[in-house]
Amino acid sequence: MVVATLLWGATFVVLRDSLVHLAPATLVATRFAGAAILFLLVVLVRGRPLDRATVVGGAVTGLLTAGGYLFQAIGLTSTSAGSSAFLTCAGTLLAALFAWPLLRQRPGAWLALGLLLALAGSALLSLRSAWRVGVGEAWTLLGAATYALQIVEVARWAPRADAVALTGIQAVVVAACTLPFAGDLAAQLRSLDGAGWARIGYLAVCGSVVAPLLQVLAQRTLPAGRVGLLFALEFAITAGGERFVARWWAGAALILFAVVMVEWREARSPAATSPPATA
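Residues numbered from 1 in each chain as written. Predicted model: local features only at pLDDT ≥ 70, side-chain atom pairs only at ≥ 80, totals over all residues. Heavy atoms only, no water.

Participant: Explanation requested: the overall build of the protein in the structure shown.
Facilitator: Each helix and strand counted, the protein has 14 helices and zero strands in total. Counting across all 279 residues of the protein, residues that qualify as buried make up 54%. Of the contacts formed within the protein by residues at least 6 apart in sequence, a portion of 92% connects residues at least 24 apart. Within the structure as shown, the protein displays about 11,900 Å² of accessible surface, and the carbon and sulfur contribution to it stands at 71%. (Helix = DSSP H or I, 4+ residues; strand = E, 2+ residues; numbered from the N terminus. Buried < 20%, exposed > 50% of the residue type's maximum accessible area, 1.4 Å probe, protein only. Contact = heavy atoms within 4.5 Å. Areas by Shrake-Rupley, 256 points an atom, 1.4 Å probe, with all protein chains shown as cover.)

If you want it as structure tokens, here you go:
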């Protein structure tokens, strides 16, 4: 899960630069169409039948993934990568609250404290004095809240589904949901130079194949609240894409402390090796 967050952390800056040339729906559709093709090749080579949990889980989490990525991409057209990082962190931390009624995974006191510390650290790390809440920030927060629900649903389906096939179905659903809104896809893609295609390649392979697969594998045993907290690790990478001030170190230290504190407490708990309860 830590590796996945590091891969995703770089996508904020890559997304921002890619949106100079591509519309949000085009960007999301292109990266996930590429990921879907890669997953399809793997699934065909493996030759394993798809069970109900894999198909339903992939479809549900794919719809939520589509909303999360599309709303985030729309938000990035009118907000900074740093603001997007903070709001995405704030939204994904909601996974612990969503998991309480949906999966009956009640956040403990230490996890709640860790979430608050990570939120404060993200604010120190990402926000600038001129930060405001506008249309772009609202879209970003909506996308983050949608992705928090995605984390919860992955936690529901991952323990009983084929991880590779579920992640592949996610990619197919995201591509199918966003392609109708991509406009003149061919014309937009023809405008890309070598650097633009390199960014698309990173988003497709690292951000839409490797990182989502690692998330599904991790969520076979990790409860949704802890995954939401681990997502905060990616924001240190995000801030590096913009000019940051000395308080970056305090914010990064708070996030790291929050993650280490919660994971250390969980590692000392006798129940740490038990799978999380699901509804």
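Participant: Just to check I follow, could you spell out the packing of aromatic side chains for this structure?
Facilitator: For any two aromatic rings, the description comes down to two numbers: the centre-to-centre distance and the angle of the planes. A complete count under the given rule lists six aromatic pairs for this structure. An angle of 20° between the planes, with centres 5.3 Å apart, marks the rings of W8 and F231 as stacked. Placement of W8 in helix α1 (residues 2-9) and of F231 in the loop between α12 (224-230) and α13 (234-239) is noted, with a sequence separation of 223 residues between them. The class for F231 is buried, based on a relative accessible area of 4%. Three or more aromatic residues link up through ring pairs in this structure, and these residues are W8, F32, Y69, Y147 and F231. (Phe/Tyr/Trp six-rings, centres within 6.5 Å; stacked < 30°, edge-to-face > 60°.)

Participant: Please clarify how the packing of helix α6 (residues 95-103) against helix α8 (residues 135-157) should be interpreted in this entry.
Facilitator: Two measures define how a pair of helices packs: the angle their axes make with one another and the distance between the axes. The N-to-C vectors of α6 and α8 enclose an angle of 45°; their axes lie 9 Å apart at closest approach. Between α6 and α8, the interaxial angle falls into the category oblique. The handedness of the crossing between α6 and α8 comes out as right-handed. Packed against α6, whose contacting residues are A95, F98, A99, L102 and L103, the element α8 presents A145, A148, L149, I151, V152, A155 and R156 at the interface. (Axes fitted to C-alpha atoms, helices over the stretch in contact; angles between N-to-C directions. Parallel < 35°, antiparallel > 145°, perpendicular 65-115°, else oblique. Left-handed = near helix turned anticlockwise from the far one by under 90°.)

Participant: Explain the nonpolar core to me, please; I cannot follow it from the model alone.
Facilitator: The nonpolar side chains of a soluble globular protein tend to be buried, and buried together. Core analysis: the biggest nonpolar cluster contains 48 residues, and M1, W8, F32, I151, L229 and F231 have the highest contact counts within it. Sequence-distant contacts of W8, defined by excluding residues within four places in its chain, comprise M1, Y69, Y147, G207, A211, P212, Q215, F231 and E234. Core analysis: the next-biggest nonpolar cluster, separate from the first, contains 10 residues, L27, L76, I200 and L203 among them. (Core = buried A, V, L, I, M, F, W, Y, C linked by side-chain atoms within 4.5 Å.)

Participant: Sorry if this is basic, but what is going on with the environment of F257 here?
Facilitator: Note on placement: F257 falls in helix α14 (residues 247-268). Judged by relative accessible area, which is 48%, F257 ranks as partly exposed. Each C-alpha atom of the pair F257 and L117 lies 8.2 Å from the other, and the pair is 140 residues apart in sequence.

Participant: Is there a simple way to think about the pattern of salt bridges in this case?
Facilitator: For side chains bearing opposite charge, pairing can occur when the charged atoms are close. Considering all chains together, one arrives at five salt bridges under this definition. Beyond isolated ion pairs, a larger network of salt bridges with shared partners links R46, R48 and D162. (Salt bridge = Lys/Arg side-chain N within 4 Å of Asp/Glu carboxyl O.)

Participant: Explain the side chain of T54 here, please?
Facilitator: Position of T54 relative to the elements: it lies in helix α4 (residues 52-76). By relative accessible area, which is 1% here, T54 ends up buried. A polar contact is formed between the side chain of T54 and the backbone nitrogen of D162, at a distance of 3.0 Å. What T54 contacts, discounting residues up to four positions off in sequence, is A161, D162, A165, L166 and I169. (Polar contact = N/O pair within 3.5 Å; in protein donor to acceptor, adjacent residues only side chain to side chain.)

Participant: Can you help me understand the confidence of the model for the protein in this one?
Facilitator: Regions with low pLDDT carry predicted coordinates that are not meant to be interpreted in detail. Summing up the model confidence of the protein, the mean pLDDT is 84 and the portion of residues at 70 or higher is 87%. Per-element confidence in the protein is highest for helix α9 (residues 163-178), whose mean pLDDT is 95, and lowest for α13, whose mean pLDDT is 60. (pLDDT = per-residue confidence, 0-100.)

Participant: Is there a simple way to explain α14 in this structure?
Facilitator: Because each turn of an α-helix spans 3.6 residues, side chains separated by three or four positions end up pointing in the same direction. Taking 1.5 Å of rise per residue, the 22 residues of α14 would be expected to cover 32 Å, and the 32 Å separating its terminal C-alpha atoms lies within 8% of that figure. All of the buried residues along α14 are W248, G251, A252, I255, A258, V259, M261 and V262. (Expected span 1.5 Å × (residues − 1).)

Participant: Whenever I open this one, α6 confuses me. Can you help?
Facilitator: Every buried residue belonging to α6 is among A95, A96, A99 and L103, and all of these are buried. Within α6, the buried residues cover an arc of 95° as seen down the axis, which keeps them to one side. A positive phi of about 60° marks R104, the residue just after α6. (Arc of directions from axis to C-beta.)

Participant: Is there a simple way to explain the environment of F71 in this structure?
Facilitator: Summarising the element assignment, F71 is placed in helix α4. Residues F71 and Y147 lie 76 residues apart in sequence; the distance between their C-alpha atoms is 9.9 Å. Beyond its immediate sequence surroundings of up to four residues, F71 is in contact with W139, T140, L142, G143 and T146.

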